[in-house]
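# Analysis of the macromolecular model
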Amino acid sequence: MAEVSSVLNSGFFASALTVADYDGPVKLSPEERVVTLDEVSWHDSPGDCWIIIYDRIYDITDFLDEHPGGSDILLEYAGRDASVAFRGSGHSAQALRALDRFTIGELPMHERIFRKPGGYHLSDIPE
Ligand code: HEM
């Protein structure tokens, strides 16, 4: 049993772990937490809008009316992953930094695409 748990804790089988087992290598700040795709999907309206970019969850409800690209385009991704759309719209480094203030958490390791060992980098994807 000790052997099994040491293999699990090594992260090798991270994709098989449940949210309750989550103990990934990324350090979350005290305000951040692990949020599942299912939970994100419930926050899909103008009054309660979460999106996912690069495996991080952002509550952008208060940003909808501030977004230079307008709120409609953001609402298309409400409750869903917007990584490729965010990258495809050619956002500046300033826009990337602006994400920080909306962070509420990260996906569990088994639901991530980018921020995991062997995950994809957007630069791997052909234009
Ligand atoms: C929380 C997430 C987002 C933040 C913080 C953000 C921030 C910004 C900022 C600061 C700009 C001004 C230009 C720049 O500095 O790059 C911008 C423009 C723009 N954004 Fe976003 N953005 C977000 C998500 C998205 C998403 C998901 C899309 C979907 C396609 C999008 C589409 C656009 C477009 C089309 C513009 C250009 C507007 C124009 O020049 O008329 N943005 N965004």
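Residues numbered from 1 in each chain as written. Predicted model: local features only at pLDDT ≥ 70, side-chain atom pairs only at ≥ 80, totals over all residues. Heavy atoms only, no water.

As recorded in an unreviewed UniProt entry, the protein goes by Cytochrome b5 and comes from Asbolus verrucosus.

### What to know about the coordination of the iron atom of the ligand
Looking at the metal site, the iron atom of the ligand is ligated by H67 (NE2) and H91 (NE2), spaced 2.0 Å from it. Taken together, the six donor atoms surrounding the iron atom of the ligand define angles of 86 to 179 degrees at the centre, an arrangement classified as octahedral. Residue H67 is located in the loop between β4 (56–59) and α3 (71–75), and its partner H91 is located in the loop between α4 (83–88) and α5 (93–98); the two are separated by 24 residues in the primary sequence. Here H67 falls in the buried class, since its relative accessible area comes to 15%. For H91, a relative accessible area of 33% gives the class partly exposed. (Donors = N, O, S within 2.8 Å, 3.2 Å for Na, K, Ca; no water. Tetrahedral: all angles 85-135°; square planar, octahedral: opposite > 155°, others 65-115°. Helix = DSSP H or I, 4+ residues; strand = E, 2+ residues; numbered from the N terminus. Buried < 20%, exposed > 50% of the residue type's maximum accessible area, 1.4 Å probe, protein only.)

### Comments concerning the packing of aromatic side chains
According to the stated counting rule, one finds two aromatic pairs in the structure shown. Both rings, one in Y54 and one in F114, keep their centres 5.4 Å apart while their planes meet at 80 degrees; by these two values the pair is edge-to-face. Of this pair, Y54 sits in the loop between β3 (48–53) and β4 while F114 sits in the segment after β5 (103–106), and the two are 60 residues apart along the sequence. Among the residues examined, Y54 registers a relative accessible area of 18% and is labelled buried. Both rings, one in F63 and one in F102, keep their centres 4.9 Å apart while their planes meet at 45 degrees; by these two values the pair is tilted. Placement of the pair is F63 in the loop between β4 and α3 and F102 in the loop between α5 and β5, with a sequence separation of 39 residues. (Phe/Tyr/Trp six-rings, centres within 6.5 Å; stacked < 30°, edge-to-face > 60°.)

### Quick word on the pattern of salt bridges
Evaluated as defined, the whole model comprises four salt bridges. Ionic pairing is found between R56 and E106, a salt bridge with its closest N-O pair at 2.6 Å. Taken together, the positions of R56 in strand β4 and E106 in strand β5 put the pair 50 residues apart, joining distant regions of the chain. Looking at R56, the relative accessible area reads 24%, which means it is partly exposed. The class of E106 is buried, set by a relative accessible area of 1%. Across the salt bridge formed by E66 and R101, the nearest N and O atoms sit 3.2 Å from each other. Taken together, the positions of E66 in the loop between β4 and α3 and R101 in the loop between α5 and β5 put the pair 35 residues apart, joining distant regions of the chain. By relative accessible area, E66 is classed as partly exposed at 46%. (Salt bridge = Lys/Arg side-chain N within 4 Å of Asp/Glu carboxyl O.)

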